[in-house]
Amino acid sequence: MKKLFVALLATLVLSSTLATAALAAIEVTGDAYVSVNSMYLWRGFDLSTDDYNPDADAKYVVQPGADISFKGFTIGWWANVNENTGEMDETDFVLDYSFDINDLVSMSVGNIFYALDGAEDTNELYVSVSLNTILSPSFSAYYDYDEFDGAYYLAASVGHTFELTDKAGLNLGALISYIDDDEDYSDLHNAELSLGIDYAVTDQVTVSPAVLYSTPISDDADDIIDDEFMGGVTVSLNF
């Protein structure tokens, strides 16, 4: 697994270097990153356990990704590599358009395509509105129009970054959510608290250790998700 991690990191660094040289002339920005987390935690579900994937039960996961942005449009790629199998069991592709409505309100709309092992691939539309003010309150809605047609997920969040030094910032965040799977579960879902530090090693390279705690916030949610604590670190390269 060490070889896989090194190979992924080397590939991301090389691709980002080449992309910087090739795309600088047309003012394209982007990033490439690798996260190593203690689990794959998604909307309160621990997807790295054998409850969801018989070949999983990982001690940790490696999650690489990359984004390319141009004039408000962003194309993103993200993947989950299970430590137990050494294989990518999920690959996501995101198309996003973000813009400012005015000085106070920003908005993002987009589509996420989930390519999944052990489950049907699917698509989600999303819209997010955030306020450019204290605590940066945000509301996001996700709607599956494909394999899980009719299912949706709503999330409200706040967050703030405290400057620790000229190179480091402390990030605090909180989130609550509601879920409707269009079948037998529709209720308040989970709450999350997160804490992380961004440390700028250079102008382009950032190291970000972080922890996240998730807990169910309704009786229905308590039947399908547990209290979860995830820790990890992300190395990112901006260009």
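Counting of residues starts from 1 at the beginning of each chain's written sequence and follows it residue by residue. Where local features are concerned, this predicted model is filtered to residues with pLDDT of at least 70; where side-chain atom pairs are given and counted, the filter is 80 or more; whole-chain, interface and lining totals use all residues. Excluding hydrogens and water, the side-chain values take into account all heavy atoms of the structure.

A. Local environment of the confidence of the model for the chain. Known as pLDDT, the predictor's confidence for each residue is given on a scale from 0 to 100. When the pLDDT values of the chain are averaged, the result is 89; 85% of them are 70 or greater. The low-confidence segment residues 1–7, where pLDDT is below 50, has ten contacts with residues more than four positions distant or belonging to other chains. Residues count as neighbours in contact if any of their non-hydrogen atoms are within 4.5 Å of one another.

B. Geometry of the packing of aromatic side chains. Pairing of aromatic rings covers Phe, Tyr and Trp, the last through its six-membered ring, and needs centres within 6.5 Å; plane angles under 30 degrees mean stacked, over 60 mean edge-to-face, and all others mean tilted. The tally for this structure, following the rule as stated, stands at seven aromatic pairs. Three or more aromatic residues joined by ring pairs form one cluster here, namely Phe73, Tyr97 and Phe99. Definition used: whenever NZ (Lys) or CZ (Arg) falls within 6 Å of the ring centre and also within 35 degrees of the ring normal, the charge is taken to sit over that ring. The ring of Tyr142 has Arg43 sitting right over it, with the charged end atom 4.6 Å from the ring centre. Here Arg43 stacks its cationic end above the ring of Tyr153, 4.4 Å away from the centre of that ring.

C. Seen up close, the pattern of salt bridges. The rule for a salt bridge is simple: a side-chain nitrogen of Lys or Arg has to be within 4 Å of a carboxyl oxygen of Asp or Glu. Under the definition given, this model contains one salt bridge. For Arg43, the salt bridge identified is with Glu124, shortest N-O distance 2.9 Å. With Arg43 in the loop between strand S2 (41–42) and strand S3 (45–46) and Glu124 in strand S8 (residues 122–131), this pair connects stretches of sequence that are 81 residues apart. The buried label applies to any residue whose accessible area, calculated with a 1.4 Å probe on protein chains only, is under 20% of its type's maximum; exposed applies above 50%, and partly exposed to all values in between. Assessed through its relative accessible area of 12%, Arg43 is described here as buried. Helix and strand labels come from DSSP, where a helix needs a run of H or I of at least four residues and a strand needs a run of E of at least two; each type is numbered from the N terminus.

D. Region of interest: the pairing of strand S11 (residues 168–180). Two strands pair if DSSP finds at least two bridges between them. Pairing of strand S10 (residues 152–163) with S11 involves twelve bridges; the strand directions are antiparallel. Paired with Ala156 across the bridge in S11 is Ile176. Linkage of S10 to S11, two consecutive antiparallel strands, is achieved through a turn of four residues. Here twelve bridges tie S11 to strand S12 (residues 186–200), and the two strands are oriented antiparallel to one another. Across the sheet, the residue bridging to Asn171 is Gly196, located in S12. The hairpin formed by S11 and S12 contains five residues between the paired strands, and Asp182 there has a positive phi angle of roughly 65°.

E. Expanded view of the layout of surface pockets. In this analysis a 1.4 Å probe is tested at points of a 1 Å grid over the protein atoms alone, and where it fits but cannot get out there is a cavity; an open set with protein on both sides within 12 Å along at least five of seven lines is a pocket; lining residues have an atom within 4 Å of a point. Grid points are joined across faces, edges and corners, and a volume is the space filled by probe spheres set on the points. In this structure, the second largest pocket encloses a volume near 930 Å³. If you list the elements that add at least two residues to the lining of the second largest pocket, you get strand S6 (88–100), strand S7 (105–116), S8, S10 and S11. Basically, the charged four are Asp, Glu, Lys and Arg, the nonpolar ten are Ala, Val, Leu, Ile, Met, Phe, Trp, Tyr, Cys and Pro, and anything else, Gly included, counts as polar. Partitioning the lining of the second largest pocket into residue classes produces 15 nonpolar, three polar and twelve charged.

F. Examining a nonpolar patch on the surface more closely. Side chains of Phe162, Leu164, Leu172, Leu193, Leu195, Ile197, Tyr199, Val201, Val211, Tyr213 and Phe229 sit close together on the surface and give an oily, nonpolar patch of about 960 Å² of accessible area. Only S12 and strand S13 (205–216) provide two or more residues apiece to the nonpolar patch. For the nonpolar patch, the leading source of residues is S12, giving four residues. Mapped onto the secondary structure, Leu193 falls in strand S12. Each patch is built from residues lacking any salt bridge and having more than 30% relative accessible area; the joining distance is 9 Å for like charges and 5 Å for nonpolar side chains (Val, Leu, Ile, Met, Phe, Trp, Tyr). Using the Shrake-Rupley algorithm and a 1.4 Å probe, accessible areas are obtained, with residue cover drawn only from the displayed protein chains.

G. The side chain of Ser177, seen in detail. Mapped onto the elements of the fold, Ser177 is located in strand S11. Under the relative-accessibility criterion, Ser177 is labelled buried at 2%. As used in this structure description, the phrase polar contact means that two N or O atoms lie within 3.5 Å; if the pair is within protein, one of them must be able to donate a hydrogen and the other to accept it, and residues adjacent in sequence are counted only when both atoms belong to side chains. Separated by 2.5 Å, the side chains of Ser177 and Asn190 make a polar contact. Filtering out sequence-adjacent residues up to four positions away, Ser177 remains in contact with Tyr153, Leu154, Ala155, Leu188, His189, Asn190 and Ile217.

H. Structural context of the nonpolar core. Core analysis: the largest hydrophobic core is formed by eight residues, namely Phe45, Tyr153, Ala155, Leu175, Ile179, Tyr185, Ala221 and Ile225. Mapped onto this core, the elements with two or more residues apiece are S10 and S11. When neighbours within four sequence positions are excluded, Ile179 is seen to be in contact with Phe45, Tyr152, Tyr153, Tyr185, Ser186, Asp187 and His189. Only buried Ala, Val, Leu, Ile, Met, Phe, Trp, Tyr and Cys residues count toward a nonpolar core, and they belong to the same one when joined by side-chain atoms within 4.5 Å.

I. Inspection of unusual backbone geometry at higher detail. Even without glycine at this site, Leu135 takes up a positive phi of about 70°. You can see Leu135 is positioned in the loop between S8 and strand S9 (138–144). A positive phi is found at Ser136, a non-glycine position, where the angle reads about 45°. Here Ser136 lies in the loop between S8 and S9.

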